Amino acid sequence: MDSAAVVHGEFEPAFELVRDAFEENFRMRGEVGAAVCVYHEGRKVVDLWGGLADPESETPWHRDTIVGMMSVGKGMAALCVLMLVDRGRVDLDQPVASYWPEFAQAGKAEITVRTLLQAKAALLYADAAPDGSGFDWETMIRAFEVQAPEWEPGTRGAYHTMSAGFLLGELVRRVDGRALETFFDEEVAGPLGVDYRFGLRHADFPRTAKISAPLDQTLIEQMTTPGTALHRAWRIRPRPADLRANPSNDPAYLMAPFPSANGQGNARAVARVYAALAEAGELDGVTLLSPGVIDQARTPSWEDVCPMTGAYTRYGAGFVLPDDTTVPWPGRRAFGHPGLGGALGIADPEARLAFAYSPNHLDNGTGLGERCTALIDALWSGRTR
């Protein structure tokens, strides 16, 4: 193992196989920099990090390094909506338009909060938004207000790859008055003491890992190829000033209100959030959700090949559910959210496990990739040996 990829952190002996797999990721599977964290029965039992946060400058990955975890943020946005459901401020079976009146335009008056959370609203695009306008929240929200569903809402599911963060975030703002990033800071990150946020501050830049991706990364290729569904969705993302740079490292992107994809944190932070959800909604005296709402979140709502990504998908309400290919987690009643290239946060209430993985080098394909999968396999092998 290269000296740059020395693994740091702690693990309990019963979870040694996770440490072994994490080290093997660097030796055998092309890991650049990453962190992995596991909670079991409310206790942190694995907290490891290693490699390089920035290969170009050879900056090591430190304990407090954070990284873009891509669509892991969609689960955090859904959590905020479900917290309002739990507090009686949002009713899952009420129309979204009862909280956000302008949403009712273009045939959306009957779309319920539940339908929105279940990714069955058929609102995949923001066609009225100009190209490159994705960092302008008000422009995007006005575009979603006039957007017609692609098919009859509630009849078919599709991963709302670009739109989910905006739609859920605006619902939070209409009900609570706070922007999604503020609600998350004050109601989740602060009380739990987790290092995860939407929209970085300048002070965070020095400890933020640089994202890299294979040139043929499947979903990125589709996002940048005109004529594809993903390009139609993602043409709203501005191009960085340096066209040679990875857009995920652009300071404007890192600081933008873009909760579908730019939540920044690390495995330790995300695992702690999911540890609360694995422990009936409460961890160290902080309650996020009641058991009843957690069950709503992980009740299957649809499973099929997603028309947006082409990946087989099982979905609950705001969260992705395990399947045999895209999210291969043994506990079928677990729930969480993957991110492009292999990041993952997941809770398994039956096993009382929470797991998170945060890499800076994206895997190819539409699933978790071999590095995250190796860690999951090691976690379960250790539990059964």
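Residues numbered from 1 in each chain as written. Predicted model: local features only at pLDDT ≥ 70, side-chain atom pairs only at ≥ 80, totals over all residues. Heavy atoms only, no water.

A.B. asks: Outline the overall build of the protein, supporting the account with residue identities and numerical values.
C.D. replies: The number of helices and strands found in the protein is 12 helices and 15 strands. Computed over the C-alpha atoms, the radius of gyration of the protein is 19 Å, within 12% of the 21 Å expected from 2.2 N^0.38 for a compact globule of 385 residues. In terms of principal-axis extent, the alpha carbons of the protein reach across some 55 × 45 × 40 Å. In the protein, which comprises 385 residues, the proportion classed as buried is 59%. Taking all contacts inside the protein whose residues are at least 6 apart in sequence as the whole, residues at least 24 apart take part in 67%. Accessible surface, the protein as shown: approximately 14200 Å² in total, 50% of it carbon and sulfur. For the protein, the centre of its 36 positive side-chain charges and the centre of its 51 negative side-chain charges are spaced 2 Å apart. (Helix = DSSP H or I, 4+ residues; strand = E, 2+ residues; numbered from the N terminus. Rg over C-alpha atoms; globule rule 2.2 N^0.38 Å. Buried < 20%, exposed > 50% of the residue type's maximum accessible area, 1.4 Å probe, protein only. Contact = heavy atoms within 4.5 Å. Areas by Shrake-Rupley, 256 points an atom, 1.4 Å probe, with all protein chains shown as cover. Lys, Arg positive; Asp, Glu negative; His and termini not counted. Charge placed at Lys NZ, Arg CZ, Asp CG, Glu CD.)

A.B. asks: Hey, could you go over the sheet that holds strand β5 (residues 67-68) for me, with residue numbers and the actual values?
C.D. replies: A sheet is described by the order of its strands in space; here three strands give the open sequence β5-β7-β6, paired in antiparallel fashion. With one partner strand each, in any of the chains shown, β5 and β6 (197-198) form the two edges of the open sheet. In this structure, β5 lies alongside strand β7 (residues 263-265), joined through two bridges in antiparallel fashion. From the neighbouring strand, V67 faces β7, where its bridge partner is G265. (Pairing = 2+ DSSP bridges.)

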